[in-house]
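Reading the structure
Here's the letter readout for the chains.
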Amino acid sequence: MNGVIKLSLLALSISFSFVGYAESKSVEVLSAVVKDQKIPGAQVVIQRNGEQSISSLSDDSGNAQIGNNAADTNDSLIIIKKSGYSTLVAKCPCSGMSYALSPTMKGLDSMRVVLGWGSSPADLDSHMVYPGNHIFFNHKLGDNGNLDVDDTDSFGPETITLTRRENGKPYVYAVHDYSDKSDPDTRNLSNSEAKVFVYVGESLVRTYYVPKDQSGNLWTVFKVNENGAIEDVNNIKGISVGAGDIDNVLTPLLNSNTTLPHQNWGAEQIDISNALNLKGEESYRRKQYEEAISFFTESVNNYSENGKAYGNLGLVYQKVGRTAEAIWANRKAIALASGKNASTIRAGANYNIGKIYEGEGQYNEALNYYKAAKNEKQNPVYDNAIMRISSKIN
């Protein structure tokens, strides 16, 4: 989408004099949902190896001045916080980047997807496809969904918000390199430094980085299945169709029987994920809940099939009252449950989701999950919940 150094991973533009330590950095914080809107008063932190390196606040123009002692290296993170917005965390290098903050959402089944990238290619497009709907730049409105921001001159952001994702319906999200739409063998998309942030409720729950050194102009990022669990696709391929026909390419992935491209996880990624999960558990024991969430989130970003980390996320999200996020994490725990305790894990997670819907007065949804819990395992608690909710509905 546009060109002028602003990465949009959530909108923040940083200029660095040179790689590593730079003499000066200026960060511009933007809104993910209102095009070109500056956000003042955001805390910008560059953190290396877990230690805070530098912190600054964005001014009335959305700019935050960063000193000359912050490292722009791949072992550093940029963290942006502001009340009323989801905290943004992204890997550096951050040189020349823009980052857009997402306002927190209230709906239990809302979801926001924000795309950001570098200076080239100029135009990357977000596409969300679900039954009867194809949201993209030429069709910005869909059922309970819309394209909030479209960008055509580099960096982004491109933002799609689902105000109410419907259970029982699958969704597929992809990024199309519109600048290279006629070149299915291009590597410009793979080299774009594109990042996709997925928000649920108040939280950034998943981050995707474009696969490197691959040919193609369509990056299919993830699917949300009928049960509400996010399934990674993270696959690049070349296509030669117009933007309006990309739904025909993605629609077959909506079929529940379709086998999605499977990411091969290396032993190092799995080990890192397990280590981060253990750190999260230690933080949870110390009642450092925000720190625990950060560790568990990084754990699943490193290895998205770590069912234990998802179960822990569901637990800590419920502890801090983030109900939408707790539902999301419990759904993924259900999808990943395996082994001799799988039925117990699925039953407990379904019951926990039912309790959240009951607390919000969404009794039909609650009843469905209580029944799903009972189908997995017999327990008087589930029977009592079914009776209680049935009396409220009738």
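Residues numbered from 1 in each chain as written. Predicted model: local features only at pLDDT ≥ 70, side-chain atom pairs only at ≥ 80, totals over all residues. Heavy atoms only, no water.

A word on the overall build of the protein chain
- A count of helical and extended segments in the protein chain gives eight helices and 20 strands.
- The 394 residues of the protein chain split such that 53% are buried.
- For the protein chain, the computed accessible surface area is about 16,400 Å², with 46% contributed by carbon and sulfur atoms. (Helix = DSSP H or I, 4+ residues; strand = E, 2+ residues; numbered from the N terminus. Buried < 20%, exposed > 50% of the residue type's maximum accessible area, 1.4 Å probe, protein only. Areas by Shrake-Rupley, 256 points an atom, 1.4 Å probe, with all protein chains shown as cover.)

Here's the deal with unusual backbone geometry
- A cis amide bond links Ser120 with the next residue in sequence, Pro121, at an omega value of 0°.
- Within the element layout of this structure, Pro121 appears in the loop between strand E10 (111-116) and strand E11 (124-130).
- Pro157 follows Gly156 through a cis peptide bond whose omega is 5°.
- Phi at Asn144 is positive, roughly 55°, even though this residue is not glycine.
- Position of Asn144 among the secondary structure elements: in the loop between strand E13 (141-142) and strand E14 (145-149).
- Although it is not a glycine, Lys287 adopts a positive phi angle of roughly 65°.
- Position of Lys287 relative to the elements: it lies in the loop between helix H2 (267-285) and helix H3 (289-302).

Considerations on the sheet that holds strand E17 (residues 195-200)
- Reading across from one edge, E13-E14-E15-E10-E17-E18 is the order of the six strands in this open sheet, with antiparallel pairing throughout. Each of the sheet's edge strands pairs with one partner strand only, and the pair in question is E13 and strand E18 (203-209).
- Pairing geometry for E10 and strand E15 (residues 158-162), over five bridges, is antiparallel. If you follow Val114 over to E15, its bridge partner there is Thr159.
- Relative to E18, helix H5 (residues 323-336) is tilted by about 50°, and along the sheet it contacts E17 and E18. (Pairing = 2+ DSSP bridges. Contact = heavy atoms within 4.5 Å. Axes fitted to C-alpha atoms, helices over the stretch in contact; angles between N-to-C directions.)

A word on the packing of helix H6 (residues 342-359) against helix H8 (residues 380-393)
- Where H6 contacts H8, the axes come no closer than 12 Å and their chain directions differ by 25°. One way to sum up the angle between H6 and H8 is to call them roughly parallel. Once H6 is placed against H8, the crossing between them reads as left-handed. The segment H6 lies against H8, with Ala347, Gly348, Tyr351 and Glu358 engaging Val381, Tyr382, Ala385, Arg388, Ile389 and Lys392.
- Taken together, the residues that form the contact of H6 with H8 break down as six nonpolar, one polar and three charged. (Parallel < 35°, antiparallel > 145°, perpendicular 65-115°, else oblique. Left-handed = near helix turned anticlockwise from the far one by under 90°. Nonpolar A, V, L, I, M, F, W, Y, C, P; charged D, E, K, R; others polar.)

Digging into the pairing of strand E19 (residues 218-224)
- A large share of E19 lies buried, amounting to seven of its seven residues.
- Here strand E16 (residues 171-177) runs beside E19; their pairing, made up of six bridges, is antiparallel. Within E19, the position partnered with Tyr173 by the bridge is Phe222.
- As paired elements, E19 and strand E20 (residues 230-237) share six bridges and run antiparallel to each other. Residue Lys223 lies in a different strand from E20, and its bridge partner there is Glu231.
- If you look at the hairpin formed by E19 and E20, you'll find five residues sitting between the two strands, and Gly228 has a positive phi there, around 90°.

Focus on the confidence of the model for the protein chain
- Overall, the prediction assigns the protein chain a mean pLDDT of 87, with 89% of residues at 70 or greater.
- Here residues 1-23 is a poorly scored stretch, pLDDT under 50, and it has 139 contacts once near neighbours within four places are set aside; other chains count. (pLDDT = per-residue confidence, 0-100.)

Observations regarding H3
- Here H3 is 14 residues long and its end C-alpha atoms lie 20 Å apart, about the 20 Å a rise of 1.5 Å per residue gives.
- Every buried residue belonging to H3 is among Tyr289, Ala292, Ile293, Phe296, Thr297, Ser299, Val300, Asn301 and Asn302, and all of these are buried.
- Each element contacted by the buried residues of H3 is listed here: E18, H2 and helix H4 (307-319). (Expected span 1.5 Å × (residues − 1).)

Quick notes on the nonpolar core
- Core analysis: the largest hydrophobic core is formed by 61 residues, its most contacted members being Tyr173, Val196, Trp219 and Phe222.
- With seven residues, the single largest contributor to this core is H5.
- When near neighbours in sequence (up to four residues on either side) are disregarded, Tyr173 contacts Val113, Leu115, Ser126, His127, Met128, Ile160, Val196, Thr220, Val221 and Phe222.
- With 24 residues, the next largest nonpolar core counts Val29, Ala100, Val114 and Leu204 among its residues. (Core = buried A, V, L, I, M, F, W, Y, C linked by side-chain atoms within 4.5 Å.)

Some remarks on the packing of aromatic side chains
- Scanning the entire structure with this criterion turns up ten aromatic pairs.
- Their ring planes at 80° and their centres at 5.2 Å tell us that Phe136 and Phe137 sit as a pair that is edge-to-face.
- Taken together, a centroid distance of 5.4 Å and an interplanar angle of 45° make the contact between Tyr351 and Tyr382 tilted. Of the two residues, Tyr351 sits in helix H6 while Tyr382 sits in helix H8, which places them 31 residues apart along the sequence.
- A residue is classified by how much of its surface remains accessible, and Tyr351, at 17% relative accessible area, is buried.
- Residue class for Tyr382 comes out buried when judged on its relative accessible area of 8%.
- Above the ring of Tyr209, the side-chain terminus of Lys91 is found at 4.9 Å from the ring centroid. (Phe/Tyr/Trp six-rings, centres within 6.5 Å; stacked < 30°, edge-to-face > 60°. Lys NZ or Arg CZ within 6 Å of the ring centre and 35° of its normal.)

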